[in-house]
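Analysis of the macromolecular model
So the chains spell out like this:
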Number of protein chains: 4
Amino acid sequence: MYIYTMGCIIIKKYNNRRGVNLMINVSVLGATGYTGQELIRMLCQHNQVNIVGLGTQNYAGKPFSEIYPHFNGIVDTVCKNIDDPELIEDADAIFLALPHGLSVPYAEAAVTKGKRVIDLGADFRLKSPAIYTKWYNKTGPAAELLNKAVYGLPELYREKIRKADVIANPGCYPTTAILGLAPLLKNKLIDTSFIVIDSKSGVSGAGRGLVVSSLFSEVDNNFKAYGLPNHRHTPEIEQELTILANDDIKVSFTPHLLPMVRGMLSTIYTIPNKNTTLSEIQKAYHDFYSDETFVRILAQGQYPHTKWVLGTNYCDIGLSWDERTGRLVVISVIDNLVKGASGQAVQNMNIMYGFDEGLGLNRVAIYP
Amino acid sequence: MYIYTMGCIIIKKYNNRRGVNLMINVSVLGATGYTGQELIRMLCQHNQVNIVGLGTQNYAGKPFSEIYPHFNGIVDTVCKNIDDPELIEDADAIFLALPHGLSVPYAEAAVTKGKRVIDLGADFRLKSPAIYTKWYNKTGPAAELLNKAVYGLPELYREKIRKADVIANPGCYPTTAILGLAPLLKNKLIDTSFIVIDSKSGVSGAGRGLVVSSLFSEVDNNFKAYGLPNHRHTPEIEQELTILANDDIKVSFTPHLLPMVRGMLSTIYTIPNKNTTLSEIQKAYHDFYSDETFVRILAQGQYPHTKWVLGTNYCDIGLSWDERTGRLVVISVIDNLVKGASGQAVQNMNIMYGFDEGLGLNRVAIYP
Amino acid sequence: MYIYTMGCIIIKKYNNRRGVNLMINVSVLGATGYTGQELIRMLCQHNQVNIVGLGTQNYAGKPFSEIYPHFNGIVDTVCKNIDDPELIEDADAIFLALPHGLSVPYAEAAVTKGKRVIDLGADFRLKSPAIYTKWYNKTGPAAELLNKAVYGLPELYREKIRKADVIANPGCYPTTAILGLAPLLKNKLIDTSFIVIDSKSGVSGAGRGLVVSSLFSEVDNNFKAYGLPNHRHTPEIEQELTILANDDIKVSFTPHLLPMVRGMLSTIYTIPNKNTTLSEIQKAYHDFYSDETFVRILAQGQYPHTKWVLGTNYCDIGLSWDERTGRLVVISVIDNLVKGASGQAVQNMNIMYGFDEGLGLNRVAIYP
Amino acid sequence: MYIYTMGCIIIKKYNNRRGVNLMINVSVLGATGYTGQELIRMLCQHNQVNIVGLGTQNYAGKPFSEIYPHFNGIVDTVCKNIDDPELIEDADAIFLALPHGLSVPYAEAAVTKGKRVIDLGADFRLKSPAIYTKWYNKTGPAAELLNKAVYGLPELYREKIRKADVIANPGCYPTTAILGLAPLLKNKLIDTSFIVIDSKSGVSGAGRGLVVSSLFSEVDNNFKAYGLPNHRHTPEIEQELTILANDDIKVSFTPHLLPMVRGMLSTIYTIPNKNTTLSEIQKAYHDFYSDETFVRILAQGQYPHTKWVLGTNYCDIGLSWDERTGRLVVISVIDNLVKGASGQAVQNMNIMYGFDEGLGLNRVAIYP
């Protein structure tokens, strides 16, 4: 098996788990979903990574480029059955890009063998088994394994990510909501009893599954809310906001489906505390994200377009201060497949292995 | 000049202003904008209307079908200069589909000659000259004329519309917000200090003007908020909600631009009063709209898609009751060019002249 | 069962099969596909038609408006199983909007009971059983039934359609190709050995079936050719062109998939005979279509946009004469779901029952 | 002035015009058009290039990232007036991304100062001043300068490009047509009197200029041909095909506008010579492009989607051999802004300066 690693001269194999700037071997389980193939796009342009295995449920034996012909001549690797043990054995790090609820056994097998796991699904995101069961209607991972998992939002948990065995890569909606609210909650600048998160997502977030609601003729020139009132990203958002605020937080969260492929925007309504000023708020954002590569706070009066981050790992945030009503509206955008999924996963991997945090993450949006 | 009136056998001319079921003559000033041509689409399929003049700022002397070739063989009428006095003289009712701020002199001229006016712009919507001046940064119509104007939302003001000389046809965003909230406010079911209106509109609402932000390459696969925090539809929404609630109301209102041509959806967040039940709320909606042709309250758990009303005059409303947070989310959709502009104008005309309220308003959405 | 027939006062039941201007009863088998629901949109706005039954393969027992909520309050009829005999018994005319290959038994049952059939599928389009079998890889209808079928292109076969028991409603691609070429072939103006038909279709033509290639994320911002070199509409095009030219015709035909829902455009390359002039060609088109309601020949130098016919039954045709190369390019557009399917079916029904040919066919395109 | 050159450690300045692997300084005139900003996207990710100046007609004095905020924090360089002499003086290579007809004086000034020019416009593409004048209706560059220009299609003219002072970067349509036909013509495999090129382009090719035909509401869900019968890319195509075939070639060329941003597909109809076999044709393509990085010949039966090359410099080519009609259909796709403009310009620069031909050209398409 050969994978063409773009622009990468393979000099030596990874040989030291906590080593810096060494080549590592990775495999992707669930390679043929949209997040899987997006991950492979980034990994094959990452000069410290060697892709050693692609696991799929339905396409074992087929070259990856037959399923996604834009990889013709780039990644022609033959896919393996997702249960092929080589996928774990040959790799240092294993990415799980599977439908929710399927990750646990693979994560367990990998950790048992001393491998590190980055799970793009929801199985390890909620700390409370009871909450997981309530919202996902099933039992989550065993406590021992769950306790090894770190919520993979680098802007909040970078140090823990560095040493983690299992990364629970955040959901796309939570990424926009948490990054949008973190400076406000951390600095106790708003009324925590009033938070409305109105989110809109491109369709690629629904994956490649065959459902009527993902057909072009149903989505194009159409717009709708869905999943009301209990979308499964709600407890994930509340868990992290509660930690940030050190106060029990409940939010109104409504997801919507945009007639476009990629991009996500959350409009977040808050009530700043009395006496809080705009400049105090701005300072809170700039301070909180001053060292972050992938969060850009926009100039006052500028509000982000989803297209400004298309194909990139950026989260762009704009602030609207309405003196008339005493409200602050925060608008945050990401590419749901990048900072909302695969890009964040690569960022986590870079942190775990001591690489430059931006490696393999293409930094300029495709425009127009 | 000849206009082909589809399916309409022209039997006699209008001869009695308050008569019923008689043919009327109408003209459209601003015929070549998107709302203008949409109006003409409806009027030329309306069997009680004779279009006697089309006025434009830039295309005088050209056949209308040269500007909009989908009217080839249907409306080939030569456009007149917008200031041609025949446009007013020949008509019983004059539609003004002009950019905001230009309607007043035409409305004045028409009313002076005993004609009736339906203005699709904003100039007559706000009752308070001071508020108009504050938000539009200019002086509005004289008090005498302004006092003749009725806010043309049939579901609220049908009786006044019947006899009005000037109709201030509502804005698109306000139509979704007011229809979405009216039953709650009228029945005092919610906390009036907390209302968030998060609205999303198709691009056709921006008209045919040449600006970078309306280019295909800028809009497609893109999504953004705009006009924060002070979009001009805000005071219009607040004026009508205040009347409904009999209580001073301020709202958080954020408009967004969808990558699609037609359709508008507002997600409205409210806090129901303690002890208010879902069935009480549902009953309020059903009672309020029980006799309305163009408002459809969806079954519990069903949330409207904008495409369900594409090309129609419907406003579809869905309710999401979230027990966990004690919030009620109202979702209302319209076609911004129909119930949000030209269709509502025709509905108003139908009421003014005693026609069946649905005449000329095509009732089944184009799907998919 | 009740169907709201819009704008239609039901005065009496159909009682004379060949009668003129009498109400008829119709049923639709395959009501829940895209062409089925489009047919119902037109039929429920047709004032001489009473819809008495909707048959479906998967949704029996469900209200039609549950499957397509844009029909809420308009067509709430409960669907029947497609094999329910009442669907045929209760109707005068039966529309078959089924996947290719399924129509024959229903057509047979209907004709046996003295009913008339309009089949929107391909089963009755090809006169030659051998050609049918070669391209569709199965046996077609029995000769006796096939011989009762008329190819339902009104511009060519209006008189035969009037009396037909079975209408083979044309395919969408053939409609653009045949209408685009008919005047040239009938008048022997071009070299019949050189015809290239390059066609582009919106995605709705692929129906509501669940396939990866119809997903929004695959179609949006994408364009491709498909079905090369042997798309099944080829023999249908060649059959009709051969009849028109009275000469054996083979064409190069390439279909493409556009990233849009509705609309079809064919670019047809021809070599006019020596000495043929542009004005001769223009005259041929104008003469050929002079009495047609639904074919519009554009002014010289004007080329049709698909959007000019969106939601309408029009076929717009433009001609480009290139003196430099001696070629004539014909461009024809339709709405694939209207003139390319359901609208043409209603036009055929109107002819069959002596109604005004335009009844129920909404004549102004939705724009923009 | 500072430009962040991504992933690029600036080690030393360019000091040897024909040197290998040395840093060069470049400027872009016309930086704020779509091709200009696309060029900058690629250049700022190219590790051998230092962007020293951005020239614009309308935005002098503004940071580039204010005009295109997706460059926030990446290219915040202040734009200069396009006539600022520093733009030429400070650079080794000057990219001209200007509207057609404006390049000559800038190219002249640059060459006079010993600089090298890559012109993305049409001014240097046609070798014959007479043909240029006929199609562009103006006088082209002086003969002396014109003779220094090389047609910048690397697959045909790599050796000449290496030493050229002026590169005439090919048009987007010609790139698809010429690459699609070159192996056939070079090997004399087809009838040169019959070539039909039916091309379809995304809207970004029309640039950021303000015209009604580029508005979202006009383009979305719409499709049309344009520029018939004499689009200006015709003589460019014919010039190169004539050289390849060593035979005078005229083509039928029809461009169409797709409702999408990026991507171009040409469907090319040809008649292979008698006795020519499919395997002979396939071999011709594989041999012709065997050493090319950016041309991919697809497997037999596979036809390219435009999205397979989105954001990349690839040209993907598929072949359809129709035995029934004796025709060969060639389908070629590119991203019109990359291989059709800015990517090809960077590829030319890489050749001119001896860099790896793929440097700065992101190689995996963004999908979906």
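Residues numbered from 1 in each chain as written. Chains lettered and ligands numbered in written order. Predicted model: local features only at pLDDT ≥ 70, side-chain atom pairs only at ≥ 80, totals over all residues.

**Concerning the overall build of chain A**
So the rule is basically this: Here a helix means four or more residues in a row that DSSP labels H or I, a strand means two or more in a row labelled E, and each is numbered from the N terminus. With C-alpha atoms as the basis for the radius of gyration, the globule rule is written as 2.2 Å multiplied by the number of residues raised to the power 0.38. Burial is judged by counting other C-beta atoms within 10 Å of a residue's own C-beta: 20 or more means buried, 12 or fewer means exposed, and anything between counts as partly exposed, with every C-beta placed from the backbone. Residue pairs qualify as contacts under a 7 Å threshold applied to their C-beta atoms, which are placed from the backbone.
Of regular secondary structure, chain A possesses 12 helices and 14 strands. The C-alpha radius of gyration of chain A comes to 20 Å, within 12% of the 21 Å expected for a compact globule of 368 residues. Counting only C-alpha atoms and orienting by the principal axes, one finds that chain A spans roughly 65 × 45 × 40 Å. Classification of the 368 residues of chain A by burial places 60% in the buried group. Taking all contacts inside chain A whose residues are at least 6 apart in sequence as the whole, residues at least 24 apart take part in 70%.

**Notes on the sheet that holds strand 11 (residues 264-272) of chain D**
Note: strands within a sheet are paired through backbone hydrogen bonds, in either parallel or antiparallel orientation. How we decide: Only strands that DSSP links by at least two bridges are regarded as paired with each other.
Read across the open sheet, the 7 strands follow the order 9-10-8-11-14-13-12 (chain D); overall the sheet is mixed. One side of each edge strand has no neighbouring strand; the edge strands of this open sheet are strand 9 (224-225) and strand 12 (295-297) of chain D.

**Re the interface of chain A and chain B**
Facing 34 residues of chain A, the contacting portion of chain B comprises 34 residues. For the side of chain A that touches chain B, the secondary structure elements donating two or more residues are strand 8 (190-201), helix 9 (216-219), strand 9 (224-225), strand 10 (252-257), strand 11 (264-272), strand 13 (315-322) and strand 14 (327-334) of chain A.

**So, unusual backbone geometry**
Put simply, A:Leu228 and A:Pro229 share a cis peptide bond, and its omega is -10 degrees. Here the residue pair B:Tyr367 and B:Pro368 is connected by a cis peptide bond, since its omega of -5 degrees sits within 30 degrees of zero. Along the chain, B:Pro368 turns up in the segment after helix 12 (338-352).

**Focus on the environment of D:Asp119**
Residue and element names in this part refer to chain D. Following the sequence through the fold, Asp119 ends up in strand 5 (residues 116-119). Exposure remark for Asp119: the 28 C-beta atoms within 10 Å place this residue in the buried category. Between the alpha carbons of Asp119 and Val150 there is a distance of 10 Å; along the sequence they are 31 residues apart. The contacts of Asp119, once residues within four sequence positions are left out, are Leu96, Ser103, Ala107, Phe124, Val166, Ile167, Ala168 and Asn169.

**A few points about the interface of chain B and chain C**
What counts is decided by this rule: Any residue outside Ala, Val, Leu, Ile, Met, Phe, Trp, Tyr, Cys, Pro, Asp, Glu, Lys and Arg is labelled polar, Gly included; the first ten of those are nonpolar and the last four are charged.
Contacts between the two partners involve 26 residues from chain B and, on the opposite side, 26 residues from chain C. In terms of residue class, the side of chain B that touches chain C is built from 14 nonpolar, 9 polar and 3 charged.

**A few points about the relation of the copies chain A and chain B**
Threshold: The least-squares superposition of copies is restricted to C-alpha atoms, and to residues with a pLDDT of at least 70 in both copies.
Overlaying chain A with chain B gives an RMSD of 0.0 Å, the required rotation being 180 degrees about an axis along which the chain moves by 0.0 Å. Each copy turns onto its partner about a two-fold axis. Residue A:Pro259 of chain A places its C-alpha closer to the rotation axis than any other residue of that unit, at 3.3 Å.

**Section: helix 4 (residues 104-112) of chain D**
All names here are of chain D. Quick note on the threshold: It is the directions from the helix axis to the C-beta atoms whose arc is reported.
Those residues of helix 4 not exposed but buried are Val104, Tyr106, Ala107 and Ala110. All buried residues of helix 4 fall inside an arc of 165 degrees around its axis, so they share one side. Of the residues in helix 4, the exposed ones pointing more than 90 degrees away from the buried face are Pro105 and Thr112. On its buried side, helix 4 packs onto strand 1 (24-29), helix 3 (86-89), strand 4 (93-96), strand 5, helix 6 (143-147) and strand 7 (166-168). Trailing helix 4 by a residue or two, Gly114 shows a phi angle of about 80 degrees, which is positive.

**Looking at the packing of helix 8 (residues 172-186) of chain B against helix 11 (residues 278-288) of chain B**
Describing two packed helices takes the angle between their axes plus the distance from one axis to the other. Residue and element names in this part refer to chain B. The test is simple: For helices, the fitted line uses only the C-alpha atoms of the stretch in contact; every axis is such a line through C-alpha atoms, and the angle between N-to-C directions lies from 0 to 180 degrees. Angles are sorted into four bins: roughly parallel if under 35 degrees, roughly antiparallel if over 145, roughly perpendicular if 65 to 115, and oblique for all others. Whether a crossing is left-handed or right-handed is set by the direction in which the near helix is turned from the far one by less than a right angle, anticlockwise for left-handed and clockwise for right-handed.
Contact geometry of helix 8 with helix 11 gives a least axis separation of 9 Å together with a crossing angle of 115 degrees. Classified by the angle their axes make, helix 8 and helix 11 are roughly perpendicular. Our pair here, helix 8 against helix 11, has a crossing hand that is right-handed. Packed against helix 8, whose contacting residues are Ala182, Pro183, Leu184 and Lys186, the element helix 11 presents Ala284, Tyr285 and Phe288 at the interface. Classifying every residue of the contact of helix 8 with helix 11 gives 6 nonpolar, no polar and 1 charged.

**Considerations on the sheet that holds strand 5 (residues 116-119) of chain A**
Residues and elements named next belong to chain A. Spatial ordering of the open sheet is given by 3-2-1-4-5-7-6, a layout of 7 strands whose pairing is parallel. Of all strands in the sheet, those bounded by a partner on one side alone are strand 3 (80-81) and strand 6 (149-151). Those strands touched by helix 1 (residues 34-43) are strand 1 (24-29), strand 2 (49-56) and strand 4 (93-96), and its axis lies near 160 degrees from that of strand 1.

**A few points about the nonpolar core**
To be explicit about the condition: Defined on buried residues, the nonpolar core groups Ala, Val, Leu, Ile, Met, Phe, Trp, Tyr and Cys residues joined through C-beta atoms within 7 Å.
Formed by 465 residues in total, the largest nonpolar core has its most connected members in A:Phe95, B:Phe95, C:Phe95 and D:Phe95. Apart from residues no more than four positions distant in its own chain, B:Phe95 is found in contact with B:Val26, B:Val28, B:Leu29, B:Leu39, B:Ile118, B:Leu120 and B:Ala345.

**Here we look at the relation of the copies chain B and chain C**
Placing chain B over chain C gives an RMSD of 0.0 Å and needs a rotation angle of 180 degrees, together with 0.0 Å of translation along the axis. The fraction of interface residues of chain B whose copies in chain C are also interface residues reaches 100%, indicating that both copies meet through the same surface.

**Observations regarding the domain arrangement of chain A**
Residues and elements named next belong to chain A. Note the following rule: Domain boundaries shown here were taken from an automatic or database domain assignment.
According to the domain assignment, chain A consists of domain 1 (24-170 + 340-352) and domain 2 (173-336). On the side of domain 2, 22 residues touch domain 1, which itself brings 19 residues to the contact. Here the side of domain 1 that touches domain 2 is built from residues that sort into 11 nonpolar, 5 polar and 3 charged.

**Thoughts on the confidence of the model for chain A**
Residues and elements named next belong to chain A. So the rule is basically this: Each residue gets a pLDDT score, which is the predictor's confidence in that residue and runs from 0 to 100.
Counting all residues, the mean pLDDT for chain A is 93, and 94% of those residues have values of 70 or more. In the model, residues 1-20 has pLDDT below 50 throughout and makes 32 contacts with residues more than four positions away in sequence or in other chains. Taken together, the chains of this predicted complex give a pTM of 0.96 and an interface ipTM of 0.95.

**Re the pairing of strand 10 (residues 252-257) of chain B**
Residues and elements named next belong to chain B. In terms of burial, strand 10 is largely enclosed, as 6 of its 6 residues are buried. What you see with strand 10 is no split at all: Ser252, Thr254 and His256 on one side and Phe253, Pro255 and Leu257 on the other are buried throughout. Of the pairings in the sheet, the one linking strand 8 (residues 190-201) to strand 10 comprises 6 bridges and is parallel in character. In the sheet register, Val196 faces strand 10, and the bridge partner there is Ser252. Where strand 9 (residues 224-225) and strand 10 come together, 2 bridges link them in antiparallel fashion. For Lys224, the partnering residue across the bridge sits in strand 10 and is Leu257.

**Re the pairing of strand 8 of chain A**
On any regular strand, side chains alternate: one points to one face of the sheet, the next to the other face. All names here are of chain A. Among the 12 residues in strand 8, 9 count as buried, and that is most of the element. Relative to strand 11, strand 8 runs antiparallel, the two sharing 8 bridges. Paired with Val196 across the two strands is Tyr269, which belongs to strand 11.

**Structural notes on the environment of C:Ile94**
Mapped onto the elements of the fold, C:Ile94 is located in strand 4 (residues 93-96). C-alpha separation for the pair C:Ile94 and C:Arg158, spaced 64 residues apart in sequence, amounts to 19 Å.

**Points about the environment of B:Ser342**
Residue and element names in this part refer to chain B. One can find Ser342 in helix 12. The buried category is assigned to Ser342, around which 30 C-beta atoms lie within 10 Å. A C-alpha to C-alpha distance of 8.1 Å links Ser342 and Met42, two positions 300 residues apart in sequence. In this view, Ser342 contacts Thr35, Glu38, Leu39, Met42 and Leu337; residues no more than four positions away in its chain are not counted.

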